[in-house]
Amino acid sequence: MERGSIEAIKRMVRAGLGYSIVPGMSVAHPSDREGLSVRSLTPVLARQLAVVMRQDKILSRGIAGIVRLLLHRDAG
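Residues numbered from 1 in each chain as written. Predicted model: local features only at pLDDT ≥ 70, side-chain atom pairs only at ≥ 80, totals over all residues. Heavy atoms only, no water.

Chemist: Pulling in residues and values, what's your account of the overall build of the chain?
Modeler: From N to C terminus, the chain includes two helices and zero strands. Its C-alpha atoms give the chain a radius of gyration of 18 Å, more than 25% over the compact-globule value 11 Å for 76 residues. In terms of overall dimensions, the chain has a C-alpha envelope of 45 × 25 × 20 Å along the principal axes. Considering the chain as a whole, with its 76 residues, one finds that 11% of them fall into the buried category. A separation threshold of at least 6 residues defines the contact pool for the chain, and within that pool the share at least 24 residues apart is 6%. With the model as given, the accessible surface of the chain reaches about 7,400 Å², and the carbon-plus-sulfur share is 56%. (Helix = DSSP H or I, 4+ residues; strand = E, 2+ residues; numbered from the N terminus. Rg over C-alpha atoms; globule rule 2.2 N^0.38 Å. Buried < 20%, exposed > 50% of the residue type's maximum accessible area, 1.4 Å probe, protein only. Contact = heavy atoms within 4.5 Å. Areas by Shrake-Rupley, 256 points an atom, 1.4 Å probe, with all protein chains shown as cover.)

Chemist: Just give me the short version of the layout of surface pockets, but keep the residues and values in it.
Modeler: In this structure, the largest pocket spans a volume of roughly 870 Å³. Lining the largest pocket are 21 residues, with S20, I21, V22, P23 and L41 positioned closest to its centre. Of the residues assigned to the lining of the largest pocket, the class counts are 13 nonpolar, four polar and four charged. (1 Å grid on protein atoms, 1.4 Å probe; cavity = no way out; pocket = protein on both sides within 12 Å on 5 of 7 lines; lining within 4 Å. Points joined across faces, edges and corners; volume = space filled by probe spheres on them. Nonpolar A, V, L, I, M, F, W, Y, C, P; charged D, E, K, R; others polar.)

Chemist: Requested: an account of a nonpolar patch on the surface, with residues and values cited.
Modeler: Together, V51, M53, L59, I63, I66, L70 and L71 make up a nonpolar patch on the protein surface, roughly 580 Å² of accessible area in all. Locating M53 in the fold gives a position in the loop between helix 1 (6-14) and helix 2 (61-73). (Patch = residues over 30% accessible without salt bridge, like charges linked within 9 Å, V, L, I, M, F, W, Y side chains within 5 Å. Salt bridge = Lys/Arg side-chain N within 4 Å of Asp/Glu carboxyl O.)

And the structure:
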């Protein structure tokens, strides 16, 4: 089952409705782990992200800078 809210996912796991893989930062604080058994994954999972834009969209100066940084991050 896929849910949009990490907190909702953690509540469902606490209620015994299954298991989940969540970002480490969502269980970083001890209070975030209450009622949960937290394990790290080996090997660590990674994902590739993409920038998707409409071809006819005019980018503001700020977003154009962010896109430029994102696209050149992998090239260097």
